[in-house]
Amino acid sequence: MNAVKIAYKPVGMLLGAGGGALAGAAFKKVWRATGHEEEAPGATDREHGWREILLAATLQGAIFAAVKAAVDRGGATTVHRLTGTWPS
């Protein structure tokens, strides 16, 4: 395994944690902006119907996937620019 790829692992983990926090904050803002309550309903929340629970889960999943892809790609691109090696 290439030294750049090995060195990138902890950086990738830190970027992932930061991206997760960013995605969580983004989801909360989007959820509130769509006119919903402060907190999104959980799967076992009795006071909300299927539609709202599945909407919240779908929206949250899409935001987390997009942020993860952007953070991963940005980190890999930066490493490539600095080292000339792509950290796959």
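The sections below set out a description of the structure shown in this document. (Residues numbered from 1 in each chain as written. Predicted model: local features only at pLDDT ≥ 70, side-chain atom pairs only at ≥ 80, totals over all residues. Heavy atoms only, no water.)

Some details on helix α2 (residues 50-83)
Link 1 in the chain: Relative to the 50 Å expected for 34 residues at 1.5 Å per residue, α2 spans 49 Å between its end C-alpha atoms, a close match to the ideal helical length.
Link 2 in the chain: Turning to α2, its buried residues number three or more, namely I53, A56, I63, V67, V71, G75, A76 and V79.
Link 3 in the chain: The elements touched by buried residues of α2 are α1 (3-33).
Link 4 in the chain: Once α2 ends, the next one or two residues include G84, with phi positive near 80°. (Helix = DSSP H or I, 4+ residues; strand = E, 2+ residues; numbered from the N terminus. Expected span 1.5 Å × (residues − 1). Buried < 20%, exposed > 50% of the residue type's maximum accessible area, 1.4 Å probe, protein only. Contact = heavy atoms within 4.5 Å.)

Comments concerning the nonpolar core
Link 1 in the chain: Listed in full, the seven residues of the largest apolar core are A23, F27, W31, A56, I63, V67 and V71.
Link 2 in the chain: Breaking this core down by element, the ones donating at least two residues are α1 and α2.
Link 3 in the chain: Once residues lying within four places of it in the same chain are set aside, the contact partners of I63 are A23, A26, F27 and V30. (Core = buried A, V, L, I, M, F, W, Y, C linked by side-chain atoms within 4.5 Å.)

A word on the pattern of salt bridges
Link 1 in the chain: One pass over the full model with this rule turns up two salt bridges.
Link 2 in the chain: With its nearest N and O atoms 2.6 Å apart, the salt bridge here joins D72 to K68. Taken together, the residues span about one helical turn, with D72 and K68 both in helix α2 at a distance of four residues.
Link 3 in the chain: Under the relative-accessibility criterion, D72 is labelled partly exposed at 31%. (Salt bridge = Lys/Arg side-chain N within 4 Å of Asp/Glu carboxyl O.)

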